[in-house]
Amino acid sequence: MNVQLMKTIIKGILGGGVLVLALLGPPNSQAQTTGKISGTIRSAKDHTPLPGADVIIERTVLGASASRTGRFLIEKVPAGV
């Protein structure tokens, strides 16, 4: 669908901007990206896994405890943290 036709349909249906806002979604909806941090915690001495070790991202409330095998996963980490 070309842009001019879309503008005409929008103006005809709602007289302007309301439909456009609904199509675009809330502000910054695509700018809010998060990621994951995962890994294995191991002893520096003998490289064995450290089950139950806490992994915390400084200056945040984000963290996780390592599994029986030393694996951890922190989800919903904001970009730039």
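Here the residue index of a chain counts from 1 through its sequence in written order. Predicted model: local features are reported for residues with pLDDT of at least 70 only, side-chain atom pairs are reported and counted for 80 or more only, and whole-chain, interface and lining totals are derived from all residues. No hydrogens and no water enter the side-chain calculation; it runs on all heavy atoms of the structure.

## Describing the environment of T60
On the secondary structure map, T60 appears in the loop between β2 (54–56) and β3 (63–65). Note: C-alpha distance between T60 and V81 (21 residues apart in sequence) is 8.4 Å. Polar contact criterion, stated in full: a pair of N or O atoms within 3.5 Å, where within protein one must be able to donate a hydrogen and the other to accept it, and residues adjacent in sequence count only if both atoms are side-chain atoms. Within the local environment of T60, its side chain forms a polar contact with the backbone oxygen of I57, the two atoms lying 2.7 Å apart. To qualify as a helix, a DSSP run of H or I must reach at least 4 residues; to qualify as a strand, a run of E must reach at least 2; elements of each kind are numbered from the N terminus.

## Concerning the side chain of S43
Mapped onto the fold, S43 is located in the loop between β1 (34–40) and β2. Excluding residues that lie within four positions of it along the chain, S43 makes contacts with T48 and L50. Only heavy atoms enter the contact rule, under which two residues are in contact if any of them lie within 4.5 Å.

## With respect to unusual backbone geometry
One non-glycine residue, H47, lies in the positive phi region at around 65°. Tracing the sequence through the fold places H47 in the loop between β1 and β2. With a relative accessible area of 54%, H47 lands in the exposed category. In this structure, R59 takes a positive phi of about 65° despite not being glycine. With respect to the helices and strands, R59 occurs in the loop between β2 and β3. The classification of residues rests on relative accessible area computed with a 1.4 Å probe and restricted to protein chains. Under 20% of the type maximum is buried, over 50% is exposed, and intermediate values are partly exposed. Residue classification places R59 among the exposed positions, given a relative accessible area of 81%.

## Quick word on the nonpolar core
Where a protein is soluble and globular, its nonpolar side chains tend to be buried together. If you look at the biggest cluster of nonpolar residues, it comprises six residues: V55, I57, A64, F72, I74 and V77. For this core, the element with the highest residue contribution is strand β4 (residues 71–78), accounting for three residues. Setting aside its immediate chain neighbours within four residues, I57 contacts I37, L62, I74, V77 and V81. To define a nonpolar core, start from buried Ala, Val, Leu, Ile, Met, Phe, Trp, Tyr and Cys residues and group those joined through side-chain atoms within 4.5 Å.

## Details of the confidence of the model for the protein
pLDDT expresses how confident the predictor is about each individual residue, on a scale running from 0 to 100. Scored by pLDDT, the protein comes out at a mean of 76, with 60% of its residues at no less than 70. Long-range and interchain partners of residues 13–25, a stretch whose pLDDT sits below 50, account for seven contacts in this model, where long-range means more than four residues apart.

## A short note on the pattern of salt bridges
Any two side chains of opposite charge can pair, so long as their charged atoms come close to each other. Salt bridges are defined as contacts in which a side-chain nitrogen from Lys or Arg sits within 4 Å of a carboxyl oxygen from Asp or Glu. Evaluation of the coordinates by the stated rule reveals two salt bridges. Two residues, K36 and E75, come together in a salt bridge whose shortest N-O distance is 3.9 Å. Of this pair, K36 sits in strand β1 while E75 sits in strand β4; the two residues are 39 residues apart in sequence, bridging distant segments of the chain. Residue E58 pairs with R59 through a salt bridge whose shortest N-O separation is 4.0 Å. Across the pair, exposure class does not vary: E58 and R59 are exposed alike.

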